[in-house]
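Descriptive structure summary
Below, each chain spelled out in residue letters.
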Amino acid sequence: MPKFIVQMVDAYTREVLETEDEVFHDEQAAEDYACECGGAFAEGAEVLSLAGRDYTDPDDVEFVVEEIDD
(Lines give C-alpha, C1' and ligand atoms only; values in the text may rest on other atoms or scores of the structure.)
Protein backbone atom coordinates (compact mmCIF):
# COMPACT_ATOMS: atom_id res chain seq x y z
CA MET A 1 0.00 0.00 0.00
CA PRO A 2 1.53 3.35 -1.01
CA LYS A 3 2.38 6.02 1.53
CA PHE A 4 2.85 9.73 0.93
CA ILE A 5 4.85 12.59 2.42
CA VAL A 6 4.77 16.35 1.93
CA GLN A 7 7.96 18.18 0.99
CA MET A 8 8.75 21.87 0.70
CA VAL A 9 10.75 22.38 -2.49
CA ASP A 10 12.41 25.34 -4.17
CA ALA A 11 9.98 26.46 -6.88
CA TYR A 12 12.79 26.99 -9.39
CA THR A 13 15.43 24.32 -8.75
CA ARG A 14 13.04 21.68 -7.31
CA GLU A 15 15.58 21.09 -4.51
CA VAL A 16 13.96 19.64 -1.38
CA LEU A 17 14.23 22.22 1.38
CA GLU A 18 12.29 20.40 4.09
CA THR A 19 10.28 17.22 4.56
CA GLU A 20 7.29 17.21 6.88
CA ASP A 21 7.29 14.45 9.52
CA GLU A 22 3.78 13.16 8.91
CA VAL A 23 3.25 10.10 6.68
CA PHE A 24 -0.11 9.74 4.92
CA HIS A 25 -1.83 6.56 3.74
CA ASP A 26 -4.13 8.50 1.44
CA GLU A 27 -2.89 10.75 -1.39
CA GLN A 28 -5.83 13.15 -1.09
CA ALA A 29 -5.12 13.68 2.62
CA ALA A 30 -1.50 14.47 1.74
CA GLU A 31 -2.63 16.92 -0.96
CA ASP A 32 -4.95 18.64 1.51
CA TYR A 33 -2.12 18.92 4.03
CA ALA A 34 0.22 20.34 1.35
CA CYS A 35 -2.36 23.06 0.61
CA GLU A 36 -2.67 23.79 4.33
CA CYS A 37 1.12 24.06 4.63
CA GLY A 38 1.27 26.48 1.70
CA GLY A 39 -1.37 28.71 3.27
CA ALA A 40 0.31 28.68 6.67
CA PHE A 41 3.68 29.44 5.08
CA ALA A 42 2.27 32.44 3.20
CA GLU A 43 0.55 33.73 6.34
CA GLY A 44 3.78 33.40 8.32
CA ALA A 45 5.71 35.27 5.63
CA GLU A 46 3.16 38.08 5.76
CA VAL A 47 3.50 38.36 9.55
CA LEU A 48 7.30 38.43 9.31
CA SER A 49 7.11 41.07 6.57
CA LEU A 50 4.85 43.29 8.67
CA ALA A 51 7.27 42.90 11.58
CA GLY A 52 10.19 43.97 9.40
CA ARG A 53 11.89 40.57 9.63
CA ASP A 54 13.54 38.52 6.89
CA TYR A 55 11.40 35.81 5.30
CA THR A 56 11.33 33.47 2.34
CA ASP A 57 8.91 34.64 -0.35
CA PRO A 58 6.03 32.13 -0.57
CA ASP A 59 6.30 32.27 -4.38
CA ASP A 60 9.80 30.77 -4.09
CA VAL A 61 8.63 27.49 -2.52
CA GLU A 62 6.01 24.84 -3.20
CA PHE A 63 4.62 22.06 -1.05
CA VAL A 64 4.46 18.81 -3.05
CA VAL A 65 3.29 15.28 -2.34
CA GLU A 66 5.73 12.44 -2.92
CA GLU A 67 4.98 8.72 -2.82
CA ILE A 68 7.40 6.72 -0.67
CA ASP A 69 8.15 3.02 -0.36
CA ASP A 70 6.97 1.10 2.68
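Relevant structure appears above.
This is a predicted model, so every value here is computed, not measured. (Residues numbered from 1 in each chain as written. Predicted model: local features only at pLDDT ≥ 70, side-chain atom pairs only at ≥ 80, totals over all residues. Heavy atoms only, no water.)

1. With respect to the packing of aromatic side chains
The line we're drawing: A pair of Phe, Tyr and Trp rings is counted when the ring centres sit within 6.5 Å of each other, with Trp represented by its six-membered ring. The angle between the planes then sorts it: under 30 degrees is stacked, over 60 is edge-to-face, the rest tilted. Throughout this description, buried means an accessible area under 20% of the type-specific maximum (1.4 Å probe, protein chains only), exposed means over 50%, and partly exposed covers the range between. Where helices and strands are cited, they refer to DSSP runs of H or I of at least four residues and of E of at least two residues respectively, numbered from the N terminus.
Tallied over the entire structure, the rule returns two aromatic pairs. Ring geometry for Phe24 and Tyr33: centres 5.4 Å apart, planes at 45 degrees, overall tilted. The exposure class of Phe24 is buried, given its relative accessible area of 9%. Measuring from ring centre to ring centre gives 5.9 Å for Phe41 and Phe63, while their planes differ by 65 degrees; the resulting arrangement is edge-to-face. With Phe41 in helix α1 (residues 27–50) and Phe63 in strand β3 (residues 61–68), this residue pair connects regions lying 22 residues apart in the sequence. Here Phe63 falls in the buried class, since its relative accessible area comes to 17%.

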